[in-house]
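Working through the structure, step by step
Chain by chain, the residues:
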Amino acid sequence: MVFTYDTEATLAFTTALVNSVPGISNDNVDTLADRAALERLLDDNDYSGRRDLDAAELAAVRALRPEFRAFWELDRDGAVELVNGILRDARALPQLVRHGDWDWHLHATEADAPLATRMRVEVAMAFIDVIRSDELDRLRVCEATDCEAVLIDLSRNRSKRYCDVGNCGNRMNVIAYRARQAEHP
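I will try to describe carefully the structure that is included in this document.

**Re the packing of helix α1 (residues 5-18) against helix α6 (residues 115-132)**
- Close contact between α1 and α6 brings their axes to 9 Å; oriented N to C, the two are set at 120°. Classed by the angle they form, the pair α1 and α6 counts as oblique. As α1 packs across α6, the resulting crossing turns out to be left-handed. Judged by residue contacts, T7, T10, L11, F13 and T14 of α1 engage M119, E122, V123, A126, F127, D129 and V130 from α6.
- Looking at the contact of α1 with α6 residue by residue, the class counts come to 7 nonpolar, 3 polar and 2 charged.

Here is the structure:
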């Protein structure tokens, strides 16, 4: 494990949210198109606390995607500015909490704060760990030629090159195999 379990879970969630934008992978589908998709995303990522699951909340969560994508585009100092801005805006107050199957971990907002606010703060808190451990290079864009999805490389040897969105690793391996076969019939 590179980071604590709650940081890794938040980074995985952030990656999934950023990759829900249409046009990221080769299928051009918005995977956060409706409230049911939002509920699935929250359930799949064990999101606790208040959920309104209305059109306003869906719009607020969808609006977070470009802000979170910026973490994959910024250098370390820029990421610090983004984290500090998010925490300042939310007036974050870190505290240890325990809920569900999760042992003690950090939350920095009240459970009844708006979902988008909680998401922003939890992502900022996760990126504090990434920045402090100087691991921003684990944030990557998929190396498939037709994909712009982001990924977080949590492998020990830092070898992850393809996202999990469009089956890119398998597609690129098949393309490389076919190219090798064409060279040596």
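**Description of the nonpolar core**
- With 39 residues, the main nonpolar core has L17, L32, F71, M119 and F127 as its most contacted residues.
- Only α1, α2 (35-44), α3 (55-62), α4 (64-69), α5 (76-90), α6 and β4 (150-152) provide two or more residues apiece to this core.
- For this core, the element with the highest residue contribution is α6, accounting for 11 residues.
- With residues near it in sequence (within four places) discarded, M119 still touches F13, L42, Y47, V61, L64 and F68.

**Some words on the side chain of T15**
- Tracing the sequence through the fold places T15 in helix α1.
- Residues in contact with T15, not counting those within four places in the same chain, are W72, V150, L151 and I152.

**Remarks on α1**
- Along its 14 residues, α1 runs 20 Å from first to last C-alpha, staying within 8% of the 20 Å computed at 1.5 Å per residue.
- The set of residues buried in α1 consists of D6, T7, E8, T10, L11, F13, T14, T15, L17 and V18.
- Tucked into the core, α1 has its buried residues touching α2, α3, α4, β2 (102-107), α6 and β4.

**Quick notes on the pairing of β2**
- Pairing between strand β1 (residues 95-99) and β2: 4 bridges, direction antiparallel. Bridging across to β2, H99 finds its partner in W102.
- Following β1, the chain reverses through 2 residues before pairing antiparallel with β2; G100 in that reversal takes a positive phi of roughly 50°.

**Considerations on the packing of aromatic side chains**
- Evaluation of the coordinates by the stated rule reveals 4 aromatic pairs.
- With a centroid separation of 4.9 Å and 55° between ring planes, the pair formed by F13 and Y47 is classed as tilted. In this pair, F13 is assigned in helix α1 and Y47 in the loop between α2 and α3, connecting sequence segments 34 residues apart. Here F13 matches Y47 in class, with each residue buried.
- Their ring planes at 75° and their centres at 6.1 Å tell us that W72 and F127 sit as a pair that is edge-to-face. Highlighted residues: W72 in the loop between α4 and α5 and F127 in helix α6, separated in sequence by 55 residues.

Analysis parameters
Residues numbered from 1 in each chain as written. Predicted model: local features only at pLDDT ≥ 70, side-chain atom pairs only at ≥ 80, totals over all residues. Heavy atoms only, no water. Axes fitted to C-alpha atoms, helices over the stretch in contact; angles between N-to-C directions. Helix = DSSP H or I, 4+ residues; strand = E, 2+ residues; numbered from the N terminus. Parallel < 35°, antiparallel > 145°, perpendicular 65-115°, else oblique. Left-handed = near helix turned anticlockwise from the far one by under 90°. Contact = heavy atoms within 4.5 Å. Nonpolar A, V, L, I, M, F, W, Y, C, P; charged D, E, K, R; others polar. Core = buried A, V, L, I, M, F, W, Y, C linked by side-chain atoms within 4.5 Å. Buried < 20%, exposed > 50% of the residue type's maximum accessible area, 1.4 Å probe, protein only. Expected span 1.5 Å × (residues − 1). Pairing = 2+ DSSP bridges. Phe/Tyr/Trp six-rings, centres within 6.5 Å; stacked < 30°, edge-to-face > 60°.

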